[in-house]
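The primary structure of each chain is shown beneath.
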Amino acid sequence: MFDSVDQQILRILREQGRASHARIAKAVGLSAPAVGERIRKLEQAGVITGYRAVLSPEALGLGICAFVSIAPQPRNPGANLVETLSTLPEIEELHAVAGPYGYIAKVRVTTPEALDAFLDRLWVLDGVERTETTMVLRTSVERPMYLPFNDEAPSA
């Protein structure tokens, strides 16, 4: 699917999204225009979906992280709930999941009191049946997604 050069380019961009084509070219042994063309093709194929800065939640005052499991009300369209939840700025990620809860949201707020206020707003939303919150005490591992290439794939 991806040749070794594409794999190297993706590794570099995963770690340093602002790396110049010239720097990447030097690392992979191609010209900068050739690297630019490969990156353009990876973008067009939907492999690279964007570039962004990785921000420190703590430096921004968002020191509280929690995972909130959300059970939707029965016979209430989930799409409506997802649309509503998507408008809440505290929700960093929202995943549809299997199990007793239909969704899990990763939430970041400034204080425990702000988390409490967020949960108060969440509980009264149309479409929310119940929630369960797990507050993060410490994050031990947080990294970019692994690339499913032979040298990064989990060992069996």
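Residues numbered from 1 in each chain as written. Predicted model: local features only at pLDDT ≥ 70, side-chain atom pairs only at ≥ 80, totals over all residues. Heavy atoms only, no water.

- By the naming in an unreviewed UniProt entry, the protein chain is Transcriptional regulator, AsnC family, taken from Truepera radiovictrix.

Topic: the pattern of salt bridges
Right, on to step 1. Following the criterion strictly, the structure yields 9 salt bridges and no others.
Right, on to step 2. A salt bridge links E15 to R14; the nearest nitrogen and oxygen atoms lie 3.2 Å apart.
Right, on to step 3. Given the relative accessible area of 52%, E15 is considered exposed.
Right, on to step 4. Here R14 falls in the partly exposed class, since its relative accessible area comes to 26%.
Right, on to step 5. A salt bridge links R108 to E142; the shortest N-O distance between them is 3.6 Å. Taken as a pair, R108 in strand β3 (residues 103-109) and E142 in the segment after β4 (128-135) lie far apart in primary sequence, 34 residues in all.
Right, on to step 6. With relative accessibility at 11%, the residue R108 sits in the buried group. (Salt bridge = Lys/Arg side-chain N within 4 Å of Asp/Glu carboxyl O. Buried < 20%, exposed > 50% of the residue type's maximum accessible area, 1.4 Å probe, protein only. Helix = DSSP H or I, 4+ residues; strand = E, 2+ residues; numbered from the N terminus.)

Here's the deal with the side chain of E90
Right, on to step 1. Along the chain, the position of E90 falls in the loop between α4 (78-85) and β2 (91-96).
Right, on to step 2. Leaving out residues up to four positions away in the same chain, E90 has contacts with K106, V107, R108, V109, F118 and R121. (Contact = heavy atoms within 4.5 Å.)

Looking at the UniProt feature "domain: HTH asnC-type" (unreviewed entry) in the protein chain
Right, on to step 1. The sites that UniProt annotates as "domain: HTH asnC-type" (unreviewed entry) are residues 2-63.
Right, on to step 2. The span residues 2-63 shows a helical share of 53% and a strand share of 0%, and its end C-alpha atoms are spaced 38 Å apart. (UniProt positions renumbered as here; feature names shortened; annotations may be inferred.)

As for the environment of L62
Right, on to step 1. Mapped onto the elements, L62 comes out in the loop between α3 (32-44) and β1 (64-72).
Right, on to step 2. By relative accessible area, L62 is classed as partly exposed at 27%.
Right, on to step 3. L62 sits 45 residues away from V107 along the chain, and the two C-alpha atoms are 9.6 Å apart.
Right, on to step 4. Setting aside residues no more than four positions away along its own chain, L62 makes contact with P57, R108, V109 and T110.

Focus: the packing of aromatic side chains
Right, on to step 1. Scanning the model with the defined rule gives 1 aromatic pair in all.
Right, on to step 2. Centroid distance F2 to F149: 5.8 Å. Interplanar angle 70°. Geometry classified as edge-to-face. Within this pair, whereas F2 is found in the segment before α1 (4-15), its partner F149 is found in the segment after β4, the two being separated by 147 residues in sequence.
Right, on to step 3. Note on F149: relative accessible area 6%, which makes it buried.
Right, on to step 4. Residue placement shows R130 over the ring face of Y101; its charged tip is 4.9 Å from the ring centre. (Phe/Tyr/Trp six-rings, centres within 6.5 Å; stacked < 30°, edge-to-face > 60°. Lys NZ or Arg CZ within 6 Å of the ring centre and 35° of its normal.)

Considerations on the pairing of β1
Right, on to step 1. Burial analysis of β1 places 7 of its 9 residues in the buried class, which makes it a mostly covered element.
Right, on to step 2. In the sheet, β1 pairs with β3 via 7 bridges, with the strands oriented antiparallel. From the neighbouring strand, I64 faces β3, where its bridge partner is V109. (Pairing = 2+ DSSP bridges.)

Structural notes on the domain arrangement of the protein chain
Right, on to step 1. For the protein chain, the domain assignment lists domain 1 (4-45) and domain 2 (57-136).
Right, on to step 2. Between domain 1 and domain 2, the C-alpha centre-to-centre distance is 37 Å. (Domains from an automatic or database assignment.)

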